[in-house]
Amino acid sequence: MRYGWLLVLVGAAVCYYWLNPLSSHSPDTTLLANKTVLICDASAGLGAELARQLAPHHVKLMLVTRTGRSESLTNKQNVYNKEGKNNSPQSQTQISAYTWSSLVRVRDEVVSLGSPQVELLSYDYSNLEDAHTIIEKTIEKLGGLDYLVLNQAEIARGYLVKTRHGQSPEFVERTFSVNVLSPIELALSALPHLEKSKGHIFVASSTLSVVPKAGLAVLSATKHALNGFFYSLQQELREKKSAVTLTVGRLGELAGGDKMPLFTLPDWMVGDKGECAGGIVETFLTRPPTFSYPKLQPLLAQLFWYLG
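Structural notes, computed from the coordinates. (Residues numbered from 1 in each chain as written. Predicted model: local features only at pLDDT ≥ 70, side-chain atom pairs only at ≥ 80, totals over all residues. Heavy atoms only, no water.)

## Brief notes about the packing of aromatic side chains
Then step 1. Applying the stated rule across the entire model yields five aromatic pairs.
Then step 2. For the ring pair Tyr147 and Phe284, a centre distance of 4.5 Å and an interplane angle of 10° mean the geometry is stacked. With Tyr147 in strand S4 (residues 147-150) and Phe284 in helix H9 (residues 273-286), this pair connects stretches of sequence that are 137 residues apart.
Then step 3. Judged by its relative accessible area of 4%, Tyr147 falls in the buried class.
Then step 4. These aromatic residues form a ring-pair network of at least three members: Phe202, Phe291 and Tyr293. (Phe/Tyr/Trp six-rings, centres within 6.5 Å; stacked < 30°, edge-to-face > 60°. Helix = DSSP H or I, 4+ residues; strand = E, 2+ residues; numbered from the N terminus. Buried < 20%, exposed > 50% of the residue type's maximum accessible area, 1.4 Å probe, protein only.)

So this is what it looks like as structure tokens:
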């Protein structure tokens, strides 16, 4: 009886989400024609897929990739020294060159799919002082800004109690800079331009904002912070009756991603990258406060954790 009502609620939620598609109607995507979209972390994964799905709607794109160190890549290459720092210029150069060449390939692909203009930028998201330049260059190159997609993330792995790397202040600071402070700076810099265009912000958060995971404490903390800030900003925009709207994406594990999985899940709980990107495109038009994908994954992951 202890879990009776919980099981009833879960059963009702499962039925609702299982029987309902991402959207109950198909929005008019012709409204996206000639709109301008800035996508952070667009060289691979969900960002690149989103660019591909926007291109046939004749959207103008600013695609941004990162420069400098990536915690997820360098951590797998074991190039940290005993203080937890990556002092390998060669490694950083290789990562920057790799992400840029990937971005160029995405650019060529989306142009062939119908995008009338695609501009590229390479940027170190931890450089907060110059975050406004991304917005300024977008306005300069594309003539305005209608949609801002904050998709950048440092996929920081590190056990706090097992490794010095996981306890490194630099590791924690950089992860928060890229995952939290960078999206905040970009959003605040973009707001005046989005007010003019009655634009929209999409923030790519994660299931880790509601479900903890060993070895991902810092990453999980950044997702909680991201949700706290942007849901609060969402409320402020509503109270101000601003023309700008904001969607927080609670995104789970996707098949075919470019990063190591964060959770070990059965296949039926893993989402499709293309379907997720299609759902994000719909949010540009429907503008919901929250977009969850896969719909069942956050709920079931949280349930399994509670029952743990």
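Once the structure has been displayed, the description carries forward.
## Topic: the pairing of strand S6 (residues 245-251)
Then step 1. For S6, a buried count of five out of seven residues is recorded, marking the element as mostly surrounded by other parts of the structure.
Then step 2. One ladder, built from seven bridges, connects strand S5 (residues 200-206) with S6; its direction is parallel. Looking across to S6, one finds that Ile201 is bridged to Leu246.
Then step 3. In this region the chain leaves S5, passes through helix H8 (residues 217-239) and returns to the parallel neighbour S6; the handedness of that crossover is right-handed.
Then step 4. Strand direction decides the pairing type here: S6 and strand S9 (residues 290-293), joined by four bridges, are parallel. Of the residues in S9, the one forming a bridge with Arg250 is Ser292. (Pairing = 2+ DSSP bridges. Right-handed = clockwise from strand over helix to strand, strands pointing away.)

## With respect to the pairing of strand S1 (residues 36-40)
Then step 1. Burial of S1 is extensive: five of the five residues sit out of reach of the surface.
Then step 2. Burial along S1 is two-sided: the residues Thr36, Leu38 and Cys40 and Val37 and Ile39 are all buried.
Then step 3. In terms of strand pairing, S1 meets strand S2 (residues 60-66) through five bridges, oriented parallel. Among the inter-strand pairings, Leu38 is bridged to a residue of S2, identified as Met62.
Then step 4. After leaving S1, the chain enters helix H2 (residues 45-54) and then returns to the sheet as S2, a path that is right-handed.

## Examining the side chain of Thr283
Then step 1. Counting through the fold element by element, Thr283 comes out in helix H9.
Then step 2. The exposure class assigned to Thr283 is buried, which follows from its relative accessible area of 2%.
Then step 3. Residues in contact with Thr283, not counting those within four places in the same chain, are His200, Phe202, Thr247, Pro288 and Phe291. (Contact = heavy atoms within 4.5 Å.)

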